[in-house]
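# A look at the structure
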Amino acid sequence: MSAVSQHARWRATSGVIVRTRILPVAAAAALLALVQPGLATAKDDPSTTVTFTVTSGALSLSVPASANLGSGAPGTTISAPIGPCTVTDDRALASASWTVTAAETDFVNGPSTIPATSATYSVGTVTTTGTITVTPTNVTLSNSAQTVLTGSAGVGDNTASWDPTVAVNVPASAVSGTYTGTLTQSVA
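We now turn to the structure provided with this report. Quick caveat, the model's predicted, so the values are computed rather than measured. Residue indices begin from 1 for each chain and proceed along its sequence in written order. Only residues with pLDDT of at least 70 are given local features in this predicted model, and only at 80 or more are side-chain atom pairs given and counted; all residues enter the totals for whole chains, interfaces and linings. By convention in this description, side-chain values take in all heavy atoms of the structure and omit both hydrogens and water.

## Quick word on the pattern of salt bridges
By convention in these notes, a salt bridge is any Lys or Arg side-chain nitrogen within 4 Å of a carboxyl oxygen on Asp or Glu. What the rule picks out here adds up to 1 salt bridge. One salt bridge in this structure joins D89 and R91, with 2.7 Å as the shortest N-O distance. Think of it in three bands: with a 1.4 Å probe and only protein chains considered, a residue is buried below 20% of the maximum accessible area for its type, exposed above 50%, and partly exposed in between. Classification of D89 as buried rests on a relative accessible area of 0%. The exposure class of R91 is partly exposed, given its relative accessible area of 23%.

Pasting the structure below:
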C-alpha cells in the first residue's frame, strides 16, 4: 500500500461515502512548489545584471589672477603669500600622478629690470583631499619652468591646495617704482 493510500479515510456524509486523502506535509509542499508558479527553487531564481559607469574629468590648476607683494627699499626682501593655488585631479585613475611647475618673467619697471632669479617660491603647507602623496619643492625662480609640487600614488579623484610665498630680493641698485612680472604655474 502506498503512503497516500495508507492515509486514505472513509467518511460518510449524508449517506454518501466520500473518500478523502491526507497527504504528508512534505509531499504537499513538494506538490505546491510544482503547481505554484511564483515559488521557484533557489537554483531556478532569476538574476539581474547591474551595471554603472564611473565618469572621469580633467586635471586642472587654479591660481590667483594677481598678487601684490607689498613694498620695500632697495637692498631688502619683499615677500608675501600670493593666494591659494589648487590642483584638482578628477581623472579617476587607479594610479594618478601630476607635477606643478612655476616660471617667472623678469620684473620690469619701465627701463629698469630685476631678474626673475632674484625671487624665490616657497610652497608652504599643502592640504589634500582624496588619496595623493604630495612633495613640495621650494625654488629660486627663473624664466624656465621648475617643479614646485609633485603628486604621486594617487587613487581616484584628489586635490592639493597651498598658498605659496614669493619673495623678491631687491637689489641695492634698484630704481624706485612699481615692478611687474608674470608667474606662470602649470600642471601636467
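## Description of the nonpolar core
Among the nonpolar cores identified, the biggest contains 24 residues, and W98, V100, Y121, L141, V148, L149 and W162 are the most heavily contacted of them. Where helices and strands are cited, they refer to DSSP runs of H or I of at least four residues and of E of at least two residues respectively, numbered from the N terminus. Those elements giving two or more residues to this core turn out to be β5 (85-104), β8 (119-122), β11 (146-162) and β12 (165-169). No other element matches β5, which puts 5 residues into this core. Residues contacting V148, with those up to four places away along its chain left out, are V100, T101, A102, Y121, V123, T135, P136, T137 and V139. Think of a nonpolar core as a cluster: buried Ala, Val, Leu, Ile, Met, Phe, Trp, Tyr and Cys residues, connected wherever their side-chain atoms sit within 4.5 Å. Here, two residues are considered to be in contact whenever any of their heavy atoms come within 4.5 Å of each other.

## So, the pairing of β8
Residues of β8 alternate between two faces, with A119 and Y121 buried on one and T120 and S122 left unburied on the opposite face. Relative to β12, β8 runs antiparallel, the two being bridged by 4 bridges. Bridge pairing in β12 links Y121 to V166. Relative to strand β10 (residues 139-140), β8 runs antiparallel, the two sharing 2 bridges. Among the inter-strand pairings, Y121 is bridged to a residue of β10, identified as V139. Note on pairing: DSSP must find at least two bridges between two strands before they are called paired.

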